[in-house]
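This is what each chain is made of:
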Amino acid sequence: MKKKDIRILLVDDEPDILEIVAYNLSAEGYDVYTAKNGADGVAKAKKKMPHLIILDVMMPEMDGIEACEILRRTPGMENTIITFLTARGEDYSQVAGFDAGADDYITKPIKPKVLVSKVNALLRRVKNEENTQEDIVQVGDIVINREEYKIIKKGKEIILPRKEFELLALLTSKPSKVFKREVILDKVWGNEVVVGGRTIDVHIRKLREKIGEDHFKTVKGVGYKFVL
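Predicted, not measured: the structure shown is a model, and the values here were computed from it. (Residues numbered from 1 in each chain as written. Predicted model: local features only at pLDDT ≥ 70, side-chain atom pairs only at ≥ 80, totals over all residues. Heavy atoms only, no water.)

A.B. asks: Where do I start with the packing of aromatic side chains in this structure?
C.D. replies: Geometry of an aromatic ring pair is reported as the spacing of the ring centres plus the angle between the planes. Tallied over the entire structure, the rule returns 2 aromatic pairs. Here the aromatic rings of Tyr149 and Phe165 are separated by 4.5 Å at their centres, their planes lie at 35 degrees, and the arrangement is tilted. You can see Tyr149 sitting in the loop between β7 (142–145) and β8 (150–153) and its partner Phe165 sitting in helix α6 (residues 162–172), a full 16 residues away along the chain. The class for Tyr149 is buried, based on a relative accessible area of 7%. On the basis of relative accessibility, which here comes to 2%, the residue Phe165 falls in the buried class. Note on Phe216 and Phe226: the rings are 5.6 Å apart at their centroids and 75 degrees apart in plane angle, and the pair reads as edge-to-face. Of this pair, Phe216 sits in strand β11 (residues 216–219) while Phe226 sits in strand β12 (residues 223–226); the two residues are 10 residues apart in sequence, bridging distant segments of the chain. You can call Phe216 buried: its relative accessible area is 2%. Judged by its relative accessible area of 0%, Phe226 is buried. Across the ring face of Tyr149, the terminal group of Arg162 is positioned such that the distance to the ring centre comes to 4.5 Å. Above the face of the Phe179 ring, Lys177 is positioned so that its terminal group lies 5.4 Å from the ring centre. (Phe/Tyr/Trp six-rings, centres within 6.5 Å; stacked < 30°, edge-to-face > 60°. Helix = DSSP H or I, 4+ residues; strand = E, 2+ residues; numbered from the N terminus. Buried < 20%, exposed > 50% of the residue type's maximum accessible area, 1.4 Å probe, protein only. Lys NZ or Arg CZ within 6 Å of the ring centre and 35° of its normal.)

Written as structure tokens, this is what we have:
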């Protein structure tokens, strides 16, 4: 897919941020749309069906957390990449964002060129992963469809946000193998994204709730493993 065919939606209540970031992403060749608040962003996302959404957290009418939750429940947008762009770098805000279904978290202020580099790397990594991995893998009673980002367990479909899916796919790629935390961060989030220390823990907790408590084991001080 060429850059001109990749749609990016930027949602922020600060006109200067919208203008600067949109200009730089457009100059990079992406098809960019903007929205001034969460409600406007949800409406525009449903209309444009972007590949990537960059959301501010604190906005009038509807904040980014609520907007993200609505988008994740929208048919066809379960696996859209959603990244928070905000000045609020506190852990609680990051945890709330990931709980809502966000994939990544970028803290303002950030230089436009750096943001563009992060966007390029994120989209490139996703494309590479989709091209190199088997489309359908079965582990025990769990079927993982990488092409459709779909999980089926005992005949029941389970919808996961992109990062939860990628974390599950990584752990199930080698059942019983302990994946170190730094390896998980690198494989799932990549070096270009800075995330808080609790990011992995939050995603593991969500997977335990959806897939089953017994499948995910914590190896204290090391990382996590998937067991059948």
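A.B. asks: I would appreciate a short explanation of the pattern of salt bridges in the present structure.
C.D. replies: Between side chains of opposite charge, a pair can form as their charged atoms come close. Under the defined criterion, the tally for this structure stands at 10 salt bridges. Between Asp5 and Lys4 there is a salt bridge; the shortest N-O distance is 3.5 Å. Here Lys163 ties to Glu166 by a salt bridge, and the two come within 3.2 Å at their closest N and O atoms. Taken together, the positions of Lys163 and Glu166, both in helix α6 and 3 residues apart, correspond to about one turn of that helix. With respect to burial, Lys163 and Glu166 carry one shared label: buried. Here the salt bridges do not stand alone but share partners, grouping Asp99, Arg205 and Glu209 into one network. (Salt bridge = Lys/Arg side-chain N within 4 Å of Asp/Glu carboxyl O.)

A.B. asks: Teacher, can you tell me more about the packing of helix α7 (residues 181–189) against helix α8 (residues 199–211) here?
C.D. replies: Working note: a packed helix pair is described by the angle between its axes plus the distance between those axes. At a minimum axis separation of 10 Å, α7 and α8 run at an interaxial angle of 80 degrees. As judged from the angle between their axes, α7 and α8 are roughly perpendicular. Of the residues in α8, those touching α7 at Arg181, Ile184, Leu185 and Trp189 are Thr199, Ile200, Asp201 and His203. Grouping the constituent residues of the contact of α7 with α8 by class yields 4 nonpolar, 2 polar and 2 charged. (Axes fitted to C-alpha atoms, helices over the stretch in contact; angles between N-to-C directions. Parallel < 35°, antiparallel > 145°, perpendicular 65-115°, else oblique. Contact = heavy atoms within 4.5 Å. Nonpolar A, V, L, I, M, F, W, Y, C, P; charged D, E, K, R; others polar.)

A.B. asks: What is the right way to look at the UniProt feature "modified residue: 4-aspartylphosphate" (unreviewed entry) in the protein in this model?
C.D. replies: The positions that UniProt labels "modified residue: 4-aspartylphosphate" (unreviewed entry) are, in the present scheme, Asp56. Among the structural elements, Asp56 can be located in the loop between β3 (52–55) and α3 (64–72). Its relative accessible area of 4% is what places Asp56 among the buried residues. Contacts of Asp56, omitting those with residues within four sequence positions, involve Val11, Asp12, Asp13, Gly64, Phe84, Leu85, Thr86 and Lys108. (UniProt positions renumbered as here; feature names shortened; annotations may be inferred.)

A.B. asks: I'm lost on the sheet that holds strand β6 (residues 136–139) in this one. Help?
C.D. replies: Adjacent strands of a sheet pair through backbone hydrogen bonds, lying either parallel or antiparallel. With antiparallel pairing, the 4 strands of this open sheet are ordered in space as β6-β7-β8-β9. Only two strands of the sheet have a single neighbouring strand rather than two, namely β6 and β9 (156–158). Pairs of neighbouring strands in the sheet enclose a mean axial angle of 25 degrees, with direction left out of account. Sheet topology places β6 next to β7; 4 bridges connect them, and they run antiparallel. Among the inter-strand pairings, Val137 is bridged to a residue of β7, identified as Ile144. (Pairing = 2+ DSSP bridges.)

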